[in-house]
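Commentary on secondary and tertiary structure
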Amino acid sequence: MRFSLFVHMERWDETVSYEEAFENLTELTLLAEEGGFGTVWIGEHHSMEYTISPNPMPQLAYLAARTSRIRLGAGTIIAPFWNPIRAAGETALLDVISGGRAELGLARGAYQFEFDRMAGGLPATDGGKHLREIVPAIRELWKGDYAHDGELWQFPTSTSVPKPVQPDLPMWIAARDPASHDFAVANGCHVMVTPLMKGDEEVEDLVNKFETAVAAHPEIERRPDLMVLRHTFVHAEDDPDGWRPAAEGINRFYRTFDAWFSNKTTPANGFLEPSPEEKFAERPDFRPESLHRTAMIGTPAEVIERLKHYEALGVTEFSFWSDNSLTHEQKKRSLELFIEHVVPAFQ
């Protein structure tokens, strides 16, 4: 099982500048490359200070010049917000800039807040049809001349300019339900999943959905990879309470996610207060004690034990999700401990 870093610029107030936030992201990426991580992933989000990335491509292009080995993943771009020609061309350009290190992840999107501003109020639940149409269109554009007459996009003969360096540039689909897994596998894409606040039983369920899709498509010659993305924090063995700041930080992250996802409050200049603790009085999965068990939080030995289980399940990539509302120094120290103690156990 290989490792990747999932990272965004984060700002929770005005005390951190955008320049500092990007310097922090860059430092974590360089640390991950030096520590043997295979890929850095940056997603797409709009108008949200707590996940700053209106387009991952320019960030990844900059990182291409600062790195030499780590692969550069746009993970994920939101299919309804992209024209297929633009998605194909920008990803291919990233591949050229990076010397063939680009990877493309796509998702249907989740926040109605973003759809109200980026897609004319299209219901976020309808984003799946955009995903299903854009994936094969991008592949055809990478091959050469292609005209598209679909339900959502129509364009005369066009092509991706430039073309990717990689003849089979990896594509990933963010999947949860069985239909998404099946679509990804049927279209030769790898699968990325996140169990969010659920325990490892959810990882097992997602692996089962993936394996069902693989078994249903024996015509696919190359077995797809399966990535699990999970909030991760490693603390020292001699700090038995080291889990608590991480669990409380991730609790804040998820309460902020809930506030944005609920789409009931107008944000102030890109900031939105987390939903109040009392809203989750009947939701034990939000409690720090529960997040200590479900998020990948623990000492190196504890994290290794859980990741060995993931590896045995057939997970081929574990993505260290660093967004958690903690300080940069806390994130950096956690990543250092992961690299020093956890990575060697999988080499």
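Each remark here, short or long, concerns the structure printed above.
Now for a description of the structure that goes with this document.

The rules behind these values
Residues numbered from 1 in each chain as written. Predicted model: local features only at pLDDT ≥ 70, side-chain atom pairs only at ≥ 80, totals over all residues. Heavy atoms only, no water. Buried < 20%, exposed > 50% of the residue type's maximum accessible area, 1.4 Å probe, protein only. Helix = DSSP H or I, 4+ residues; strand = E, 2+ residues; numbered from the N terminus. Pairing = 2+ DSSP bridges. Right-handed = clockwise from strand over helix to strand, strands pointing away. Expected span 1.5 Å × (residues − 1). Contact = heavy atoms within 4.5 Å. 1 Å grid on protein atoms, 1.4 Å probe; cavity = no way out; pocket = protein on both sides within 12 Å on 5 of 7 lines; lining within 4 Å. Points joined across faces, edges and corners; volume = space filled by probe spheres on them. Nonpolar A, V, L, I, M, F, W, Y, C, P; charged D, E, K, R; others polar. Lys, Arg positive; Asp, Glu negative; His and termini not counted. Salt bridge = Lys/Arg side-chain N within 4 Å of Asp/Glu carboxyl O. Polar contact = N/O pair within 3.5 Å; in protein donor to acceptor, adjacent residues only side chain to side chain. Axes fitted to C-alpha atoms, helices over the stretch in contact; angles between N-to-C directions. Parallel < 35°, antiparallel > 145°, perpendicular 65-115°, else oblique. Phe/Tyr/Trp six-rings, centres within 6.5 Å; stacked < 30°, edge-to-face > 60°. Lys NZ or Arg CZ within 6 Å of the ring centre and 35° of its normal. Patch = residues over 30% accessible without salt bridge, like charges linked within 9 Å, V, L, I, M, F, W, Y side chains within 5 Å. Areas by Shrake-Rupley, 256 points an atom, 1.4 Å probe, with all protein chains shown as cover. Charge placed at Lys NZ, Arg CZ, Asp CG, Glu CD. Core = buried A, V, L, I, M, F, W, Y, C linked by side-chain atoms within 4.5 Å.

Focus on the pairing of strand β1 (residues 2–6)
Sheet faces and side chains relate simply in a regular strand, where the side chains alternate between the two faces. The buried fraction of β1 amounts to four of the five residues, a majority that puts the element mostly inside the structure. For β1 and strand β11 (residues 317–321), the ladder comprises five bridges, and the chain directions are parallel. Bridge pairing links Phe3 to Phe318 in β11. Across three bridges, the pairing between β1 and strand β2 (residues 39–42) is parallel. When the sheet's bridge partners are listed, Leu5 is paired in β2 with Val40. In this view, the connection linking β1 to its parallel neighbour β2 by way of helix α1 (residues 18–34) has right-handed handedness.

Here's the deal with unusual backbone geometry
Each neighbour pair has its own omega, and for Gly75 with Thr76 the value is 5°, a cis peptide bond. Here Thr76 lies in strand β3 (residues 71–78). Although it is not a glycine, Ser47 sits at a positive phi angle of roughly 65°. Despite not being glycine, Asn263 shows a phi value in the positive range, around 60°. Position of Asn263 among the secondary structure elements: in the loop between α8 (243–262) and α9 (288–294).

Some details on helix α11 (residues 328–342)
Residue pairs three or four apart in sequence face the same way in an α-helix, which turns once every 3.6 residues. With 15 residues, α11 extends 20 Å between its outermost C-alpha atoms, agreeing within 8% with the 21 Å of an ideal straight helix rising 1.5 Å per residue. Residues of α11 that are buried include every one of His328, Lys331, Ser334, Leu335, Leu337, Phe338, Ile339 and Val342, and no others. Contact partners of the buried residues in α11: β1, α1, β9 (226–234), α10 (300–313) and β11.

Here's the deal with empty space enclosed by the protein
Tallied over the entire structure, the rule returns one cavity of 30 Å³ or more. Of the volumes computed, that of the largest cavity is approximately 30 Å³. Lining the largest cavity are Thr232, Phe233, Phe320, Ser322, Asn324, Lys331, Ser334 and Leu335. Listing elements by their share of the lining of the largest cavity, those giving two or more residues are β9 and α11. In terms of residues, the lining of the largest cavity owes the most to one element, α11, which gives three residues. Grouping the amino acids of the lining of the largest cavity by side-chain chemistry returns three nonpolar, four polar and one charged.

Things to note about the layout of surface pockets
Put simply, the largest pocket is a space of about 1,300 Å³. Around the largest pocket, the lining is made up of 45 residues, and of these Gly109, Ala110, Ala174, Arg176 and Thr194 lie nearest the centre. Mapped by element, the contributors of at least two residues to the lining of the largest pocket are β3, α5 (127–143), α6 (178–186), β8 (190–193) and α8. At five residues, α8 tops the list of elements feeding residues into the lining of the largest pocket.

A closer look at the side chain of Glu133
Its place among the elements puts Glu133 in helix α5. It is Lys129 that comes nearest to the buried, bridge-free Glu133 among opposite-charge side chains, at 8.5 Å. Looking at Glu133, its side chain comes within polar contact range of the main-chain nitrogen of Trp153, at 3.1 Å. Those residues in contact with Glu133, other than ones at most four positions away along the chain, are His148, Gly150, Glu151, Leu152 and Trp153.

Points about the packing of helix α2 (residues 56–66) against helix α3 (residues 84–97)
It is at 9 Å that the axes of α2 and α3 come closest, and there the two elements cross at 10°. By the angle between their directions, the pair α2 and α3 is classed as roughly parallel. Here Met57, Leu60, Ala61 and Ala64 of α2 lie close against α3, whose contacting residues are Glu90, Thr91, Leu94 and Ile97. Taken together, the residues of the contact of α2 with α3 break down into six nonpolar, one polar and one charged.

A word on the packing of aromatic side chains
Both the distance between ring centres and the angle between the ring planes are used here to describe each pair of aromatic rings. Tallying each qualifying case throughout the model produces 21 aromatic pairs. Ring centres of Tyr310 and Phe318 lie 6.1 Å apart, and the angle between their planes is 55°; this geometry places the pair in the tilted category. The same class applies to Tyr310 and to Phe318, which are both buried. By way of ring pairs, the aromatic residues Phe6, Trp12, Tyr50, Phe113, Phe253, Tyr254, Trp260 and Trp321 are connected into one cluster. Between the NZ or CZ atom of Arg11 and the centre of the ring of Tyr18, over which it lies, the distance is 4.0 Å.

Let's talk about a negative patch on the surface
Taken together, the side chains of Glu237, Asp238, Asp239, Asp241, Glu302 and Glu305 present a region of like negative charge at the surface. With respect to the element layout, Asp241 can be found in the loop between β9 and α8. Under the relative-accessibility criterion, Asp241 is labelled exposed at 54%.

Comments concerning the nonpolar core
Taken as a class, soluble globular proteins show a tendency for nonpolar side chains to be buried jointly. Core analysis: the biggest nonpolar cluster contains 79 residues, and Phe37, Leu104, Leu106, Leu307 and Phe338 have the highest contact counts within it. If you tally residues by element for this core, the top one is α5, at seven residues. Setting aside chain neighbours within four positions, we find Leu104 in contact with Met57, Ala74, Ile77, Thr91, Ile138, Trp142, Leu169, Pro170, Met171 and Trp172.

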